[in-house]
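# Chain and residue survey
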Amino acid sequence: MLLRRITKHVKDQNWFAFGLDFFIVVFGVFVGLQVSNWNDARQAREDGGQFLVQLHDDIVLAKDMSSRVLDRRLQRAVNMVDAADVLFGRVQATALTQAQCKAIFASSIFDIPIAALGSFDELVASGRVAIISDASLRTDLLALRQIAITTREAIETYSLMAAPLEQVFPEAIENDAYFDEALGEVQAHIRCNEEAMRSNRAFLNAMSVNIDAQDAFIRDGLGVWKNQIVGVHKKVDAALGITHNEGRAP
Ligand SMILES: [Zn+2]
């Protein structure tokens, strides 16, 4: 309709009417685009806000899945080094504590749940990472995703590398499984024979390799992942105005 009118104005050489209609067309397109842009921006803001809420749920879930095991692993790593000091005669004690004995037994265990953040993975897959308006949070989330992948790979690598000491050296470590009623889970009575350990160079070598691998895994993998997810959690909490009880937040 408008196009027909414009054509008629040209035929009639009515340049004023032509200019007016032309302006109406251009202005109409401009306003249409602006409205569309505003709508897109508003939608992106809404999606971004909704994403942060989902992301927070994913972070809390990832923390809940790993925290119990994570704290135990970090403490175990300390106990392993202390145990090595005892066995190599670098401290006065000659017998291992139960915690140190258990730590040596567990020195070949690396498995820990490194949960994926489903909401962020979905954004990456759909190419919509840009709806996260905070550029530093975006960067931190991408880094966390990469760190999680690397950490899962490290679990596989170190698990293959480490020797299960109680199986290779049963005379040095004994392991009796039982169901703990109070904890509601299977536990193990671990017994260490310090003399058998000290007199077996192969055992000491294998144990040292395991302890070194645990240290590297925590330093370069697990610890990095933990720090990164704690940092991301703080940023998401700040963006959503969430506060956690002291000592409960990861
Ligand atoms: Zn939180």
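These remarks concern the structure in this document.

## Thoughts on the pairing of strand β1 (residues 173-180)
- Two strands pair when backbone bridges link them, and β1 and strand β2 (residues 185-192) are joined in this way by eight bridges, in the antiparallel orientation. Paired with D176 across the two strands is H189, which belongs to β2.
- The turn joining β1 and β2, which pair antiparallel and follow one another in sequence, is formed by four residues; a positive phi near 70 degrees is taken by G184.

## With respect to the nonpolar core
- Formed by 22 residues in total, the largest nonpolar core has its most connected members in L55, I59, L144, W225, I229 and V232.
- Counting residues per element, the ones that place at least two in this core are α2 (15-87), α4 (118-125), α5 (135-161) and α8 (201-240).
- At seven residues, the largest contribution of residues to this core is made by α8.
- Listed in part, the 20 residues of the second largest apolar core include A103, I173, C192 and A206.

## A word on α5
- An ideal rise of 1.5 Å per residue puts 39 Å on 27 residues; α5 measures up with 39 Å between its terminal C-alpha atoms.
- Turning to α5, its buried residues are L141, L144, I147, A148, T151 and A154.
- Buried residues along α5 sit in contact with α4 and α8.

## Regarding helix α3 (residues 98-105)
- Of all eight residues that make up α3, six are buried, and the element is covered over most of its length.
- Among the residues making up α3, those that are buried are Q100, C101, K102, A103, I104 and F105.

## Here's the deal with the environment of F51
- Mapped onto the elements of the fold, F51 is located in helix α2.
- Considered as a pair, F51 and L123 are 72 residues apart in the sequence and their alpha carbons are 8.8 Å apart.
- When near neighbours in sequence (up to four residues on either side) are disregarded, F51 contacts S119, L123, I131 and I132.

## Details of the packing of α5 against α8
- Between α5 and α8, the shortest axis-to-axis distance is 9 Å and the interhelical angle comes to 155 degrees. One element, α5, and the other, α8, form an angle in the roughly antiparallel class. At the point where α5 passes α8, the crossing takes the left-handed sense. Note on element contacts: α8 touches α5 through A213, F217, G221, L222, V224, W225, Q228, I229, G231, V232 and K235, opposite L137, D140, L141, A143, L144, I147, A148, T150, T151, A154, Y158 and M161.
- Considered class by class, the residues forming the contact of α5 with α8 number 16 nonpolar, five polar and two charged.

## Considering the environment of F203
- In this structure, F203 sits in helix α8.
- Separated by 89 residues in the primary sequence, F203 and I114 place their C-alpha atoms 30 Å from one another.

## A few points about unusual backbone geometry
- Phi is positive for Q13, which is not a glycine, with a value near 55 degrees.
- On the basis of neighbour counts, which here come to 8 C-beta atoms within 10 Å, the residue Q13 falls in the exposed class.

Rules and cut-offs
- Residues numbered from 1 in each chain as written.
- Predicted model: local features only at pLDDT ≥ 70, side-chain atom pairs only at ≥ 80, totals over all residues.
- Pairing = 2+ DSSP bridges.
- Helix = DSSP H or I, 4+ residues; strand = E, 2+ residues; numbered from the N terminus.
- Core = buried A, V, L, I, M, F, W, Y, C linked by C-beta atoms within 7 Å.
- Buried ≥ 20, exposed ≤ 12 C-beta atoms within 10 Å, placed from the backbone.
- Expected span 1.5 Å × (residues − 1).
- Contact = placed C-beta atoms within 7 Å.
- Axes fitted to C-alpha atoms, helices over the stretch in contact; angles between N-to-C directions.
- Parallel < 35°, antiparallel > 145°, perpendicular 65-115°, else oblique.
- Left-handed = near helix turned anticlockwise from the far one by under 90°.
- Nonpolar A, V, L, I, M, F, W, Y, C, P; charged D, E, K, R; others polar.

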